[in-house]
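# Overview (structure and organization)
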Amino acid sequence: MTYRDRIEEHIANFPKMPPLCQSLLGYLDDPDVDFKTIRNLVQYDPGLTANVLKLANSVYLGTVQEISSLQAALVRLGTRRVFELVLSLAVSTRLVPALPGYGLEARDLLRHSIWTAVAAQELARILQMKNVDTVFTVGLLHDLGLLLLDPFIAGERDRFTLIFEEQSISFNTAEREVLGIDHAEAGAGILELWQLGPEIVSGVRWHHEPAEASCFQELIYLIHLADMLSLSEGIGTGIYGLQYNVSAEPVRALGLKKEHLEYAASKTLDKMRELETILT
Ligand SMILES: [Fe+2]
Ligand SMILES: [Fe+2]
């Protein structure tokens, strides 16, 4: 059995989304969710619901008027945004463990993911993009594949070390060379099984090769950029963190200036602290 086969098996066996998430996903195209349905949703997971409200009232959304119930959140924010809040919370707890293969300590991946999500969202605001919440979600999910690949990377430590001594290739290219799949494809595989839709799946799939994507280009450029910014700030670099190809295209194509990147990085640091406590 090849590494790729084994990793595909892990993708298929990766835990499903929590029930609250799954139910909301089912209501995404239904603007008239009724009271009874909402009550049933809260019963699934009152702890998660409480955290959704905390997040909804945090810097994440910057809402002025306090949102005090899931129902109010659905009315005020819409099902899609609430779904993305729930998903962010559900996924965050999975990003906490240490990943020895990548040389990441406990919470390193979580911090890198939140940093990337917030920075991407800040840049999306500068660019006045419409779907800033989806940008946050993709940022948070972009390295989910690291969870699956970590034990395989750890098992092949010597081979990875040798590759980087002899060649100057990007880390995800090395993953493909050794394992037959990279963490971007593995992460996208999980999200595809979760049926999160092509925008989120593509955002994760192409975050290291933004020029290869055939759609959602703006979103993918933003995630790539925020990810690279995060690594250049030393957030979640691990052993191999700086070994990535940084595409110059996103900055040019999005029309961003150096000041924009600096502004986004400084705002991100402030928001990061509050979000880290709420998200776990
Ligand atoms: Fe990545
Ligand atoms: Fe990343």
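Our structure's up above, just so we're on the same page.
The sections below set out a description of the structure shown in this document.

## Considering the environment of Phe 152
Mapping Phe 152 onto the fold places it in helix H9 (residues 145-155). The class for Phe 152 is buried, based on a relative accessible area of 6%. Expressed as a C-alpha distance, the spacing of Phe 152 and Leu 179, which sit 27 residues apart in the sequence, is 7.7 Å. Those residues within four positions of Phe 152 in sequence are excluded, and the remaining contacts are Tyr 3, Arg 6, Ile 7, His 10 and Leu 179.

## Regarding the packing of aromatic side chains
Following the criterion strictly, the structure yields five aromatic pairs and no others. With centroids separated by 6.1 Å and ring planes inclined at 45°, the aromatic side chains of Phe 14 and Trp 194 adopt a geometry described as tilted. Residue Phe 14 is located in the loop between helix H1 (3-13) and helix H2 (19-26), and its partner Trp 194 is located in the loop between helix H12 (183-193) and helix H13 (198-205); the two are separated by 180 residues in the primary sequence. A relative accessible area of 12% means that Phe 14 is categorised as buried. Classification of Trp 194 by relative accessible area gives buried; the value is 9%. Ring plane angle 25° and centroid distance 5.6 Å describe the contact between Phe 164 and Phe 171, whose orientation is recorded as stacked. On the basis of relative accessible area, Phe 164 is assigned to the buried category, the value being 17%. Classification of Phe 171 as buried rests on a relative accessible area of 1%.

## A short note on the coordination of the iron ion (ligand 2)
Reference geometry at the metal: tetrahedral coordination by four donors gives ideal angles of 109.5 degrees; octahedral coordination by six donors gives 90 or 180 degrees. Distances from the iron ion (ligand 2) to its protein donors, namely His 112 (NE2), His 142 (NE2), Asp 143 (OD) and Asp 227 (OD), fall within the range 2.1 to 2.3 Å. In this structure, the iron ion (ligand 2) is surrounded by four donor atoms whose angles at the metal cover 82 to 175°, and the resulting shape is irregular. In the primary structure, the donors to the iron ion (ligand 2) are separated according to the pattern H-x29-H-D-x83-D. Separating the iron ion (ligand 2) and the iron ion (ligand 1) is a distance of 3.6 Å, and Asp 143 donates to both of them. A residue pair is termed long-range when its members are at least 10 positions apart, and His 142 in the loop between helix H8 (132-141) and H9 and Asp 227 in helix H14 (residues 217-232) qualify at 85 residues. For the pair formed by His 142 and Asp 227, the shared burial category is buried.

## Quick look at the pattern of salt bridges
For the structure shown, the criterion picks out 15 salt bridges. Across the pair Arg 81 and Asp 133 runs a salt bridge, and its minimum N-O distance is 2.4 Å. Of the two residues, Arg 81 sits in helix H6 (residues 79-92) while Asp 133 sits in helix H8, which places them 52 residues apart along the sequence. What makes Arg 81 partly exposed here is its relative accessible area of 29%. Salt-bridge contacts for Glu 276 lead to Arg 107; the nearest nitrogen and oxygen are separated by 3.2 Å.

What counts and what doesn't
- Residues numbered from 1 in each chain as written.
- Chains lettered and ligands numbered in written order.
- Predicted model: local features only at pLDDT ≥ 70, side-chain atom pairs only at ≥ 80, totals over all residues.
- Heavy atoms only, no water.
- Helix = DSSP H or I, 4+ residues; strand = E, 2+ residues; numbered from the N terminus.
- Buried < 20%, exposed > 50% of the residue type's maximum accessible area, 1.4 Å probe, protein only.
- Contact = heavy atoms within 4.5 Å.
- Phe/Tyr/Trp six-rings, centres within 6.5 Å; stacked < 30°, edge-to-face > 60°.
- Donors = N, O, S within 2.8 Å, 3.2 Å for Na, K, Ca; no water.
- Tetrahedral: all angles 85-135°; square planar, octahedral: opposite > 155°, others 65-115°.
- Salt bridge = Lys/Arg side-chain N within 4 Å of Asp/Glu carboxyl O.

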